[in-house]
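# Structural characterization, general
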Amino acid sequence: MKTIALLTWKSINNRRSSALLTVFTVAISMLLLLGVERIRTQAKDSFANTISNTDLIVGARSGEVNLLLYSVFRIGNATNNIDWQSYQKLAGQADVKWSIPISLGDSHRGFRVMGTNTDYFKFYQYGNRQALQFDSGQPFTQLFDTVIGADVARKLGYSVGSKIIIAHGISDKSFTRHDNLPFKVVGILAPTGTPVDKTVHLSLAAIEALHSGWNPAGNVSASKNQHQPTFQPEQITAFMLGLKSKIKTFSVQRKINNYPTEPLTAIMPGVALHQLWSMMSIAEQALLAISGFVVVAGLLGMLSCLLTSLQERRREMAILRAMGARPGHIFALLVAEATLITAAGISLGVSFLYLLLAAIAPLINSRFGISIESASISTHELKLIVTVLLGGMLIGLIPAFRAYRQSLADGMTIRI
Amino acid sequence: MATLANMTMNILELDNLTYSWPKRQQLSIDIEHFALQQGQKLFIKGPSGSGKSTLLNLLTGIIPANSGSSIKVLDQQLCEMSGARRDKFRADHIGYIFQQFNLIPYLSVIDNVLLPCRFSSSRADRVAADPKQQARKLLSKLKLSDMDILTPVSALSIGQQQRVAAARALIGSPELIIADEPSSALDHDTRSAFIELLMQECQSSGATLIFVSHDPSLESLFDRSVQLQDINLQGVTQ
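Residue numbers restart at each chain and count upward from 1, following the sequence in its written direction. The naming scheme follows written order: chains are lettered A onward, ligands numbered 1 onward. Where local features are concerned, this predicted model is filtered to residues with pLDDT of at least 70; where side-chain atom pairs are given and counted, the filter is 80 or more; whole-chain, interface and lining totals use all residues. Working from all heavy atoms in the structure, the side-chain values ignore hydrogens and water.

### Quick look at the overall build of chain A
To keep it simple, the criterion reads: Under the scheme used here, helices are H or I runs from DSSP no shorter than 4 residues and strands are E runs no shorter than 2 residues, and both carry numbers assigned from the N terminus. Under the scheme applied here, a residue whose accessible area is under 20% of the maximum for its type counts as buried, over 50% as exposed, and between as partly exposed, the area being computed with a 1.4 Å probe on protein chains only. Whether two residues are in contact is decided by their heavy atoms, any of which lying within 4.5 Å being enough. What sets the accessible areas is the Shrake-Rupley method with a 1.4 Å probe; for residues, cover comes only from the shown protein chains.
Of regular secondary structure, chain A possesses 13 helices and 14 strands. Sorting the 416 residues of chain A into buried and exposed places 50% on the buried side. Look at the contacts in chain A between residues 6 or more apart in sequence, and 78% of them connect residues 24 or more apart. For chain A, the exposed surface amounts to about 19,600 Å²; the carbon and sulfur share of it is 60%.

### Focus: the sheet that holds strand 1 (residues 10–19) of chain B
Residue and element names in this part refer to chain B. Under the convention used in this document: Note on pairing: two strands pair once DSSP finds at least 2 bridges between them.
Taken in spatial order, the 4 strands line up as 2-1-4-5 in an open sheet, and their pairing is antiparallel. For this open sheet the edge positions go to strand 2 (29–37) and strand 5 (76–77), each flanked by a neighbour on one side alone. When strand 1 meets strand 4 (residues 70–73), the two strands line up antiparallel, connected through 4 bridges. Opposite Asp15, over in strand 4, you have Ser70 as the bridge partner.

### A few points about the interface of chain B and chain A
Basically, it comes down to this: A 1.4 Å probe defines the accessible area here, and the buried area is the portion of it lost by two parts on being joined, summed over both. By definition, a salt bridge exists where a carboxyl oxygen of Asp or Glu is found within 4 Å of a side-chain nitrogen of Lys or Arg. A 3.5 Å cut-off defines polar contacts: any pair of N or O atoms within that distance qualifies, except that in protein one atom must be a possible hydrogen donor and the other a possible acceptor, and neighbouring residues in sequence count only when both atoms are side-chain atoms.
Of the residues lining the interface, 24 residues belong to chain B; the matching set on chain A comes to 26 residues. Across the interface of chain B and chain A, roughly 2,400 Å² is buried in total on both sides, 67% from carbon and sulfur atoms. Linking chain B with chain A are 2 salt bridges, by the criterion used here. Summed over the shared surface of chain B and chain A, the number is 5 residue pairs in polar contact (both at pLDDT 80 or more). Elements with a contribution of two residues or more to the side of chain B that touches chain A: helix 2 (52–59), helix 3 (83–93) and helix 4 (109–119) of chain B. Among the elements that make up the side of chain B that touches chain A, the one with the highest residue count is helix 4 of chain B (5 residues).

### Some details on the pairing of strand 3 (residues 41–45) of chain B
All names here are of chain B. Burial within strand 3 is extensive, with 5 of its 5 residues counted as buried. Of the two faces of strand 3, the one lined by Lys41, Phe43 and Lys45 and the one lined by Leu42 and Ile44 are each fully buried. Bridge analysis of strand 3 against strand 8 (residues 208–213) gives 5 bridges, and the strand direction is parallel. Counterpart to Lys45 in the pairing with strand 8 is Ser213. Both strand 3 and strand 9 (residues 224–227) contribute to a ladder of 4 bridges, which runs parallel. Within the sheet, the bridge partner assigned to Leu42 lies in strand 9 and is Arg224.

### Let's talk about the side chain of Lys41 of chain B
Topologically, Lys41 of chain B is positioned in strand 3. Excluding residues that lie within four positions of it along the chain, Lys41 of chain B makes contacts with Met199, Gln203, Leu209, Phe222, Asp223 and Arg224 of chain B.

### So, the pattern of salt bridges
Residues and elements named next belong to chain A. In total, this model carries 18 salt bridges over all chains according to the counting rule given. Of the charged contacts in the structure, one is a salt bridge between Arg15 and Glu337, with a shortest N-O distance of 2.6 Å. On the criterion of sequence distance, the pair formed by Arg15 in the loop between helix 1 (2–14) and helix 2 (16–48) and Glu337 in helix 12 (residues 327–368) is long-range, its members being 322 residues apart. No difference in accessibility class separates Arg15 from Glu337, as the two residues are buried. For the salt bridge of Arg154 with Asp151, the shortest nitrogen-to-oxygen distance reads 3.7 Å. You can see Arg154 and its partner Asp151 sitting in helix 6 (residues 150–156), 3 residues apart, about one turn around the helix. Taking relative accessible area as the criterion, Arg154 reaches 37% and is therefore assigned partly exposed. In this structure, a network of salt bridges that share partners links the residues Arg15, Arg313, Glu316 and Glu337.

Here it is as structure tokens:
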């Protein structure tokens, strides 16, 4: 009703400062709720986008999550290696379209070093089937060539042509630094927002050269010029497979898991990612619960504000009753106030969210390569918004009911 | 016959009106018969506790009387109406002035005066041409200047506030004006001036006035005066 709307507006306007504070409280709680929700879904998305279009990841026999963690996220270590012969045999199967061998275990100034071959740049995909792109340079061709991720280049200030030293082991302070084997950066990958950004890529032959236990002083300069076949890899850490037909995934997986020569595990990345995410979902749920409670606190703040105002507004209610207002009008007046405050708080909170996103999105994109979409409110977010609005209205019923009862009891007798 | 009936028409007729507060045995109002003619100015005198506010709540339909009672206002039986209809009836036909603090603090003077028109379409219709103009006219008749009209209501003196309240009661020409000790907070001179203005305006809009007060010195200004204890058989409530 128009009258109620007008009275609501004027009455809130009259208590501007306290109403504004309440609106602010609701806005901030809404910002937190939606912000957490955004980060949660974006993190989940970017997490699921770490690897794409790879059908199987194969490593030494271990848990699925462990294999996923070290092969894709470069977290932790492999339990064992895979024999090069086994790799060649399994990658050579008729159903296999492509394969990427990877060899892990070294580091360069805190960044993991990964040995692989040039198929990696051809077949590895992330996100929505996006292939790796070169920001500058090209894949490695020589033994001592290296391709680095975007983060490595940015943090260490490397560019194409920089000379770097690779250490054996993963600690930065590694005592077994291969001081005498300088590598050259020949390519820098574009940011992907995945662990690829934090990886230094070498050829498998280079990894082998690092570990082959030669006498550096004597051999380095010689082998530098006449690189390869001397350094045929004997072992790798894991490999990724792309199959010609997805239908074959299970049979190939079974075959690898039952491989007689050595104990291996083949995982489907999607399934393992899901498993890993559900392990983290407790933290995720906790975060959501906390922001939910913040919203509840915001709405309770509004409730206390409305209830406090009620006592001093008894006179106002009596005047309205004398003018012909029904008790229902009084009820509607307070519900409308709660609704208006909540709605204003929500709108303000959503505006804050978009302002914040607009402010930090370029920063995040350039730093982490994650593009935060500030496009529109998702249906899930809309559900949250509607829930909060309904919550606000529901909480408004409490002072409304109290005012209703008061106005029935007081009638036109004004109690001071 | 019809004209004769109209001339002596009672605006208010009470018969066997009884009321007891919920969960109390004792009656606080018990009026056998009382009638008030249209256009009269009635002074109801009664000390506090004599059932004044209860009676006013009954007359305005805020609270329902005990069953068997009859309250006829403008020939309409309030006791047979639902709560919502009584609220509408009050909005349409009754202008009300409180003892003090009559105005909604967050509305302007004009919006306060026009408030009844928001709850009653028939009163709104009667000022339809230009409600704001109508409100200003009433306010100026009640000796409020254009400056006063633009002042926030909380900055007005009590006397000015009561005159705004009177304008609000009179807007849209309701048939019955009820004033509940509206002058008790005013000093002597302002009080007489206020009552005179109120009476003038009731006269010109043809409204009947019921004025309740505990101050017997005002009695002489009215057409008719009753002592509440005289008509309320129940006498004093506790």
